[in-house]
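Letter by letter, the chains look like this.
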Amino acid sequence: MTFLRQTAQRIFDTHGPSLRDVWVILPTRRAVSVFLDELAALSDRPFLAPHALAVDDFITQAAGVQLIDSVSLLFDLYDVFREIDPLVEFEQFIGWASVLLADFDRIDQYLISPNELFSYLTAAKTLERWQVDMPSTAKPITETPGTARYFKLFENLQTAYHALHERLNEQGLAYRGMAYRLLAQNVESLIRDNLIYERVYFVGFNALSRAEEHIIRVLVDAQKAELIWDADQYYMDDRRQEAGEFLRRYKENGWFFSKQNHADLAQQANNLLGSEKNIRVVGVPNASMQTKVAGKIYSEWQQAGHTGPGTNSGRSPKTAIVLADETLLVPVLYALDENVTDLNVTMGLSLRSSLMFTLVDTLFEMQRTVHEFRTRDGRDLKIPKFHHRHVVKLLNHPFLKQYERIRGLMWPGEVSPTGEVLSPEPLFQWIAKEIVKNQRVYLTEQEIRELGQDDPLMQVLFTRWPNEEPMKAIRTFYDLIDLLRDVYRTSQDAIEIEYLYLFFTLLKQLEATLERQGSTGDGARNGRHAKAQADVTVRSFRQFLYELIRQTSIPFTSEGKSQLQIMGMLETRALDFDRVIILSVNEGILPQSRKLNSLIPFDIASELFLPTYREQEAVMAYHFYRLLQRASDVVLLYTTSTDAYGSSKGEPSRFIRQLEHELVPRSNGLVRISHPTVRFGRSTDTVVADLTQLRVQKTERIREDLITLLTTKGLYPSYLNQFVSCSMRFYFSRIVNISEEEDIEEKMGAAEFGSWLHKVMERLDLDYRMKSIPIDETIIKNLLEEEFASSMKGRVIESGMNLLLYDLAQKLMLDFQRQQNALPGLTVIGTEQTLETHLTVSVEGRAPIRVRIAGKIDRIEQFGDQIRIVDYKTGKVDLSDKTPTGLTDKLLNDGKEDKMRQLWLYRYLALKNISDYGGLPRDRAKKDIFQAEGMPVEAGFYSFRDVNGGFKTNPVRFGDNDSPAQYIADSEDLLQQLIQRLLDLDEPFKKTDQIEVCQFCDYKGICGR
Ligand code: SF4
């Protein structure tokens, strides 16, 4: 029988159907609702229910006060502080205000004398200031405005506490702890001597605050009240069990227990050791996977129906999914089977988990960005501009995507200067692409609005908020809510609509409070408040808003009697379930790690018997064991990865260890514990199996596509390298055309650095070297700057990594050109030129094809009587100066020999062109030919990493006869083989065996490597 049913029975038996003057106080509102249901079930005839209340409601009601809302409380406290110290700044204040209010709450609930506590605190801080504990050699604290403010804060706490109480008292308001203190101080007149409270039951409590203790003791002494405990022998009798710490203390004190209590204690339940339990402990890799396992287990239980150990026949077993980490509520709701409709949620859903909050947060983040750089003359400049990351993040937000869709926002498309037709596409998608394409790291308000075609939403989102105008931010949010109305209407997501309502209410409250601050009162008071409003900047407004958002949640407090209850740990108080699934049973989460956010140092807190983390842990242990008392099926889920809950390091909670080593061995086999491993179904295995075998068979269609590619665009060394190193990669990149996702980097990457230097080299060759104009330092520096500006739009050279790379580029270019100038007999013949030829290849089952073989050459130069085909490399180049053994095999099959293959093809292209045209064509029409007949040809690299290393080559020779004709013939033979393999229908595209090739491959995620 559940605890609340037993309690209802007992109260009903004691008082009969006349419960009108009985008060039943329970820990939570849910417990109240369950209790009333249990009571109603005891009689067929109607009867007057007792006054059943959650303890917080009872206290405020009996104390005759109203709870103040959190926004007003914070502003009242701020006013109080400004009266004491006009120099207190809002921005600082908001940093510690909520911690201080939590401390006020605690000291009131524990009836700590404020004078005693605060004089302790002031004395402790004075000692800290004097540094009496420090050795005389230690460096003294230097008094700065910061330290002075810090010490001042502690000096003012006591005055602030009293002033706040006075201010709230005048208005009939109180915060929670204050209401407890008020009632404790007046319990005799307010309850004991008040005739409406005939009999008061306090049901299901464990750790009482000192105010609660006092209230209850007065009433028990006056024989007006009784406590009904829910305790188990297991933790009551074993002094080492922290779960029983408070109840044992009360039992030993003896002053709480009525006659009935003693009777209860004598026959105290022994549910933990004396009833059958099946406990499963499951570790899963991450937090959200727990929700999937929970959903699956619940479905299994549902399918199994009413059976199972401990479940009473004829009654559906009650199940609770308990979230030690309450942020998992939404994932749990999504993880439940679609047919689970009979459920209640009893917990808050934090506003922080909403999509609305992510939008607000991105907006604040975006507003903070400024374009910061140092000018050449050494000045630091900050220009307010939006950073592309935030802009793109915002444009990708689900609400904005939805808005774009509903409004049908499109970029109209255009015909590019090269004649390419660019078709229309969704506007926000196009803007994001444009930003990447043009490498726009920072954007001004104007630029982004223009891209957004002046859509009203773009106007609202991309308006800067000056730091001193928080009202502008509020107005933006109102406009945003207005514009997103259609989005909400279409989505009909009840939770998000509720979030929107909460957010709107918060804004209204904040706006009203800010306005009140600016307009109320007169004279000095008015002046002070106006100053207070001016103090609120966008930054502090954000802190304030976030603090309120943190405290705000959608309260799910349904009163239904569903089979499934989803709740946080604290909501389980006094409730019992047949089946329980607890999530995040990780050390650091259950119980919480040892941190208590407080201005009161630990030693002072323990000196005054304020609760510390030790008491908090004992409280949590009680909730945990109590929940297990009457449950028969228990599943404890925890995460095994270190990053899921940073502090827990993937450790199961100590409670799990205690069950394994203490409860189970003592239960005589009644409590069974198992550690099943979770498998995520066969489908995952299949996918993995498939990926390891991944192959793509060539179809006729694919072969036709390949032929089109080879005969039109042609075969470049890079394609061939890709095919030889991994044909699957070739397939992804050339057939499926999956390209790597583009991104903008503020810092230039290696590829951009390389292409920038390539451009500078090209211009130096074209504009100077090929025209025999001498190159000096100024020319190089100017070209570097010009090319940077044209190819790195939006990036700044003046600071950070870019500046370092800029200096490096300058040094490399100067060294390189110096070295080149010193080489007598070096002439540049062509730059950035494509060499091409055609090769007829026979293909099985169809007519031969004419393959274009091409290569874009960085530079063609003549050195002495030798023609050099040059490629620039940003990275290091290590080449052997001998022809490797097994050359043919290496060229055909070795994925790591990409450089050798490139040089082989370059030399082939050069020799073939000389053979066909008598020289090297310098234009597409092949009219301008550089005569090179009979000249030796070599292909090689200039490495930017080693400019002094000069021309690096690896002579690819097929045999002793290295005549151009023989080289061409040998090369064409190899090319034929490679192309035929590429088109061979019997050779599928498959993953490489050379794992090292995969290291920098973009398709790793797709192919499963
Ligand atoms: S990851 Fe490796 S196997 Fe997969 S496509 Fe890339 S190179 Fe080929």
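Within any chain, residue numbers begin from 1 and follow the written order of that chain's sequence. Per-residue local features are limited, in this predicted model, to residues with pLDDT of at least 70; the limit for side-chain atom pairs, both in listing and counting, is 80 or more; totals at the level of whole chains, interfaces and linings are taken over all residues. Computation of side-chain values covers all heavy atoms of the structure but excludes hydrogens and water.

### Some words on the overall build of the protein chain
As a reminder, the rule being used: Comment: elements are numbered from the N terminus, with helices defined as DSSP H or I runs of at least four residues and strands as E runs of at least two. The buried label applies to any residue whose accessible area, calculated with a 1.4 Å probe on protein chains only, is under 20% of its type's maximum; exposed applies above 50%, and partly exposed to all values in between. Whether two residues are in contact is decided by their heavy atoms, any of which lying within 4.5 Å being enough. To be clear on the numbers: accessible area is Shrake-Rupley with a 1.4 Å probe, and residue cover counts the displayed protein chains and nothing else.
Helix and strand counts for the protein chain come out as 41 helices and 31 strands. In the protein chain, which comprises 1009 residues, the share counted as buried stands at 50%. Considering only contacts in the protein chain between residues 6 or more positions apart, those separated by 24 or more positions represent 76%. Surface accessibility of the protein chain: about 47,300 Å² in total, with carbon and sulfur atoms responsible for 50%.

### Focus: the packing of helix 32 (residues 700–713) against helix 40 (residues 964–983)
What counts, and what does not: Lines fitted to C-alpha atoms define the axes here, with helix axes fitted over just the stretch in contact, and angles between the N-to-C directions of these axes take values from 0 to 180 degrees. Charged means Asp, Glu, Lys or Arg here, nonpolar means Ala, Val, Leu, Ile, Met, Phe, Trp, Tyr, Cys or Pro, and polar covers whatever is left, Gly included.
With their axes 9 Å apart at the nearest point, helix 32 and helix 40 run at an angle of 145 degrees to one another. Here Arg703, Leu706, Ile707 and Leu710 of helix 32 come into contact with helix 40, specifically with Ile979, Leu982 and Leu983. Residue classes in the contact of helix 32 with helix 40 are distributed as six nonpolar, no polar and one charged.

### Looking at the packing of aromatic side chains
Rule in force here: The criterion for an aromatic pair is that two Phe, Tyr or Trp rings (for Trp, the six-membered ring) have centres within 6.5 Å, with stacked assigned to planes under 30 degrees apart, edge-to-face to planes over 60 apart and tilted to the rest.
For the coordinates displayed, the defined rule picks out 46 aromatic pairs. Seen in terms of ring centroids, phenylalanine 58 and tyrosine 197 are 6.1 Å apart; in terms of plane orientation they differ by 90 degrees. Their pairing is edge-to-face. You can see phenylalanine 58 sitting in helix 3 (residues 55–63) and its partner tyrosine 197 sitting in the loop between helix 9 (187–192) and strand 5 (199–203), a full 139 residues away along the chain. What makes phenylalanine 58 buried here is its relative accessible area of 1%. On the basis of relative accessibility, which here comes to 5%, the residue tyrosine 197 falls in the buried class. Residues phenylalanine 81 and phenylalanine 93 carry aromatic rings whose centres are separated by 6.3 Å and whose planes lie at 55 degrees to one another, so their mutual orientation is tilted.

### Some thoughts on the pattern of salt bridges
The line we're drawing: By salt bridge we mean one thing: a side-chain nitrogen of Lys or Arg within 4 Å of a carboxyl oxygen of Asp or Glu.
As enumerated under the stated definition, the model contains 62 salt bridges in all. A salt bridge links aspartate 486 to arginine 489; its shortest N-O distance comes to 3.1 Å. Here the residue aspartate 486 and the residue arginine 489 both occupy positions in helix 24 (residues 485–491), the gap between them amounting to three residues, near one helical turn. It is possible to trace a salt-bridge network through shared partners that takes in Asp765, Arg769, Arg859, Glu861 and Arg868.

### What about empty space enclosed by the protein?
Quick note on the threshold: Buriedness for pockets is judged along seven lines, at least five of which must meet protein on both sides within 12 Å for an open set on the 1 Å grid over protein atoms alone, while cavities are sets there where a 1.4 Å probe fits but cannot get out, and lining residues have an atom within 4 Å of a point. Grid points are joined across faces, edges and corners, and a volume is the space filled by probe spheres set on the points.
Scanning the entire structure with this criterion turns up four cavities of 30 Å³ or more. Computed from the structure, the largest cavity encloses a volume of approximately 90 Å³. Together, twelve residues line the largest cavity, and Cys726, Arg729, Cys998, Cys1001 and Cys1007 are the ones closest to its centre. Listing elements by their share of the lining of the largest cavity, those giving two or more residues are helix 34 (727–735) and helix 41 (1004–1007). The element contributing the most residues to the lining of the largest cavity is helix 34, with three residues. Estimates place the volume of the second largest cavity at around 40 Å³. Lining the second largest cavity are Val55, Phe58, Ile59, Phe202, Phe205, Leu208, Glu212, Ile215 and Ile216. Elements with a contribution of two residues or more to the lining of the second largest cavity: helix 3 and helix 10 (210–221). Considered class by class, the residues forming the lining of the second largest cavity number eight nonpolar, no polar and one charged.

### Some thoughts on the sheet that holds strand 29 (residues 937–943)
Put simply, the test is: Two strands pair under a simple rule: DSSP has to find at least two bridges between them.
Strand order across the open sheet formed by five strands is 24-25-26-29-30, with mixed pairing between neighbours. Of all the strands in the sheet, the pair left with one neighbour each is strand 24 (826–841) and strand 30 (951–953). When strand polarity is set aside, the average angle formed by the axes of neighbouring strands in this sheet is 45 degrees. The sheet contact formed by strand 26 (residues 866–873) and strand 29 spans seven bridges and is parallel.

### Structural notes on helix 32
It helps to recall that an α-helix has 3.6 residues per turn; residues three or four apart then point in one direction. Where we set the bar: Here the expected length of a helix is defined as 1.5 Å per residue gap, with one fewer gap than residues.
With 14 residues, helix 32 extends 20 Å between its outermost C-alpha atoms, agreeing within 8% with the 20 Å of an ideal straight helix rising 1.5 Å per residue. Taken from the residues just after helix 32, glycine 714 is the one with a positive phi, measuring 105 degrees.

### Details of the side chain of glutamine 862
For clarity, the threshold we go by: Here a polar contact means two N or O atoms within 3.5 Å. Within protein one must be a hydrogen donor candidate and the other an acceptor candidate, and residues neighboring in sequence count only if both atoms are side-chain atoms.
By the element assignment, glutamine 862 lies in strand 25 (residues 849–863). Polar contacts involving the side chain of glutamine 862 include one to the main-chain carbonyl oxygen of glycine 864, which spans 2.9 Å. Leave out the neighbours within four places in its chain, and glutamine 862 touches Gly825, Leu826, Thr827, Ile829, Phe930 and Met935.

### Remarks on the confidence of the model for the protein chain
Spelled out, the test is: The pLDDT value expresses, per residue, how confident the predictor is, ranging between 0 and 100.
When pLDDT is averaged along the protein chain, the result is 84; 86% of the residues meet or exceed 70. When pLDDT is averaged over each helix and strand of the protein chain, the minimum, 42, is found for helix 31 (residues 681–692) and the maximum, 97, for strand 20 (residues 579–583). A low-confidence stretch, residues 520–532 stays under pLDDT 50, and its non-local contacts, those more than four residues away or across chains, total 15 contacts. Confidence over residues 682–691 falls short of pLDDT 50; this stretch has five contacts with residues more than four positions distant or in other chains.

### A closer look at the sheet that holds strand 6 (residues 225–228)
Across the sheet, which stays open at both edges, the four strands sit in the order 2-1-5-6 with parallel pairing between neighbours. Of all strands in the sheet, those bounded by a partner on one side alone are strand 2 (51–54) and strand 6. Neighbouring strand axes in the sheet, compared pairwise and without regard to direction, differ in orientation by 20 degrees on average. The sheet contacts of helix 1 (residues 3–15) involve strand 1 (22–26), strand 5 and strand 6, and relative to strand 5 the element is tilted by about 165 degrees. Strands strand 1 and strand 2 of the sheet are contacted by helix 2 (residues 29–40), whose axis makes an angle of about 155 degrees with strand 2.

### What to know about helix 23 (residues 470–483)
The end-to-end C-alpha distance of helix 23 is 20 Å, a good match for the 20 Å that 14 residues give at a rise of 1.5 Å each. The buried fraction of helix 23 amounts to ten of the 14 residues, a majority that puts the element mostly inside the structure.

### Structural notes on the pairing of strand 29
The buried fraction of strand 29 amounts to seven of the seven residues, a majority that puts the element mostly inside the structure. Burial along strand 29 is two-sided: Val937, Ala939, Phe941 and Ser943 facing one way and Glu938, Gly940 and Tyr942 facing the other are all buried.

### Overview of the environment of glutamine 439
By the element assignment, glutamine 439 lies in the loop between helix 20 (427–437) and strand 17 (442–443). The spatial distance from the C-alpha of glutamine 439 to the C-alpha of serine 791 is 8.8 Å, given a sequence separation of 352 residues.

### Comments concerning the environment of aspartate 69
Relative to the helices and strands, aspartate 69 resides in the loop between strand 3 (66–67) and helix 4 (70–84). For aspartate 69, the side chain forms a polar contact with the side chain of serine 72, separated by 2.8 Å.

### A word on the side chain of arginine 10
For arginine 10, the location among the structural elements is in helix 1. Polar contacts involving the side chain of arginine 10 include one to the side chain of glutamate 226, which spans 2.2 Å.

### Observations regarding the packing of helix 33 (residues 717–725) against helix 34
Convention followed: An angle below 35 degrees is read as roughly parallel, one above 145 as roughly antiparallel, one from 65 to 115 as roughly perpendicular, and any other as oblique.
Across the interface, helix 33 lies against helix 34 with an axial gap of 5 Å and an inter-helix angle of 135 degrees. Taken together, helix 33 and helix 34 sit at an angle that is classed as oblique. Here helix 33 contributes Tyr719, Gln722, Phe723 and Ser725 to the contact with helix 34, which in turn contributes Ser727, Arg729, Phe730, Ser733 and Arg734. Residue composition of the contact of helix 33 with helix 34, grouped by class: three nonpolar, four polar and two charged.

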